[in-house]
Amino acid sequence: MSIFRRKSIFFIPIHLTGWALLTVAIMLAIYQFVVIERLSHSVSDTLINWFFRLIIIGAFYSMIGFAFSREE
Amino acid sequence: MNQTEDFEKKLLGIIKPEPKVEHSRFLKLPILNAQKSASLGVWLIAAPLFILACICMKILFTHQGSVWISFFETLAKLDDSGWGWFYGPMIILVFPVIAFVLNLLSIIRFQYNREQKDLMVTVRLKWGNIIILLLSTLILAAFMSYIFTENIHTN
């Protein structure tokens with residue numbers, strides 16, 4: 001079953017399930033941004049912490065993408 | 001007419017060439033796709049590399065401490081924070097291990113010769129995968145050294 005297509009280092013959804021997963025990942029990233037923004041003291045503080053969590057979300061998303069993608 | 005018969009006889013006399021299938025014995029297939037493994041490897045080592053980059057920037061701008069000591073301090077802080085005991089080792093140990101294994105499996109190929117009983121291992125020179133392998137080894141070595149130095153107590 002392939003629900004993603006790899007383009008460079010990114011996994012692009014080609015199936016509804018993939019789009020649902022991408023939406024969840026984006027929603028989680030936005031939620032993390034709001035949480036960090038509430039606790040941080042400056043813009044750089046927000047961005048550094050948010051970027052770190054964004055990488056982790058991206059890593060988990062890419063792991064799913066790796067497992068359910070096809071090579072062209 | 002005679003010429004046609006001769007030609008037909010010649011055609012019938014031709015030996016059908018048999019394709020040599022010897023090369024198929026040496027067909028070596030990689031276990032995983034190299035480019036796909038490299039793309040996941042980039043994501044997996046990005047988080048620990050980001051921590052290292054932050055530490056380097058801190059030292060560069062404050063001129064205090066060393067990379068090694070700051071790295072250890074960061075890991076110790078991560079251990080003490082709320083969910084740090086879970087996502088600290090996951091980012092610095094589990095992610096690089098996965099990246100290492102995936103990229104290793106994508107560049108090495110095995111070939112077993114049953115007659116001579118020897119196993120040949122060949123490495124494909126895919127530089128992207130090799131760089132990820134080296135970086136994940138570096139991260140793992142740093143984390144292992146932290147584990148050993150942190151848990152050795154002298155009485």
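The rules we used
Residues numbered from 1 in each chain as written. Chains lettered and ligands numbered in written order. Predicted model: local features only at pLDDT ≥ 70, side-chain atom pairs only at ≥ 80, totals over all residues. Heavy atoms only, no water. 1 Å grid on protein atoms, 1.4 Å probe; cavity = no way out; pocket = protein on both sides within 12 Å on 5 of 7 lines; lining within 4 Å. Points joined across faces, edges and corners; volume = space filled by probe spheres on them. Helix = DSSP H or I, 4+ residues; strand = E, 2+ residues; numbered from the N terminus. Nonpolar A, V, L, I, M, F, W, Y, C, P; charged D, E, K, R; others polar. Phe/Tyr/Trp six-rings, centres within 6.5 Å; stacked < 30°, edge-to-face > 60°. Buried < 20%, exposed > 50% of the residue type's maximum accessible area, 1.4 Å probe, protein only. Lys NZ or Arg CZ within 6 Å of the ring centre and 35° of its normal.

### Focus: the layout of surface pockets
Of the voids in this model, the largest pocket is the one considered here, and its volume is about 1000 Å³. Asn49, Phe52 and Arg53 of chain A together with Leu78 and Tyr87 of chain B are, among the 29 residues lining the largest pocket, the residues nearest its centre. Taken together, the elements giving at least two residues each to the lining of the largest pocket come down to α1 (16–39) and α2 (43–67) of chain A together with α2 (34–62), α3 (67–80) and α4 (84–107) of chain B. When residues in the lining of the largest pocket are grouped by element, the largest group, 10 residues, is from α2 of chain A. Classifying every residue of the lining of the largest pocket gives 19 nonpolar, five polar and five charged. When its volume is computed, the second largest pocket comes out at roughly 260 Å³. Lining the second largest pocket are 16 residues, with Phe10, Leu22, Gly58 and Tyr61 of chain A together with Trp43 of chain B positioned closest to its centre. For the lining of the second largest pocket, the elements supplying multiple residues, two or more each, are β2 (10–13), α1 and α2 of chain A. Ranked by residue count, the leading element in the lining of the second largest pocket is α2 of chain A, at seven residues. Looking at side-chain class alone, the lining of the second largest pocket contains 14 nonpolar, two polar and no charged residues.

### A closer look at the packing of aromatic side chains
Summed over all chains, the structure comprises six aromatic pairs over all chains. Here Phe60 of chain A and Phe95 of chain B contribute two aromatic rings whose centre-to-centre distance is 5.6 Å and whose plane-to-plane angle is 70 degrees, an arrangement assigned as edge-to-face. You can see Phe60 of chain A sitting in helix α2 and its partner Phe95 of chain B sitting in helix α4, one on each of two chains. Look at Phe95 of chain B and you get buried, because its relative accessible area is 1%. Taken together, the ring pairs connect Phe51 and Phe52 of chain A together with Phe50 of chain B into an aromatic cluster. A cation over an aromatic ring shows up here: Lys36 of chain B above the ring of Phe66 of chain A, its NZ or CZ 5.2 Å from the ring centre.

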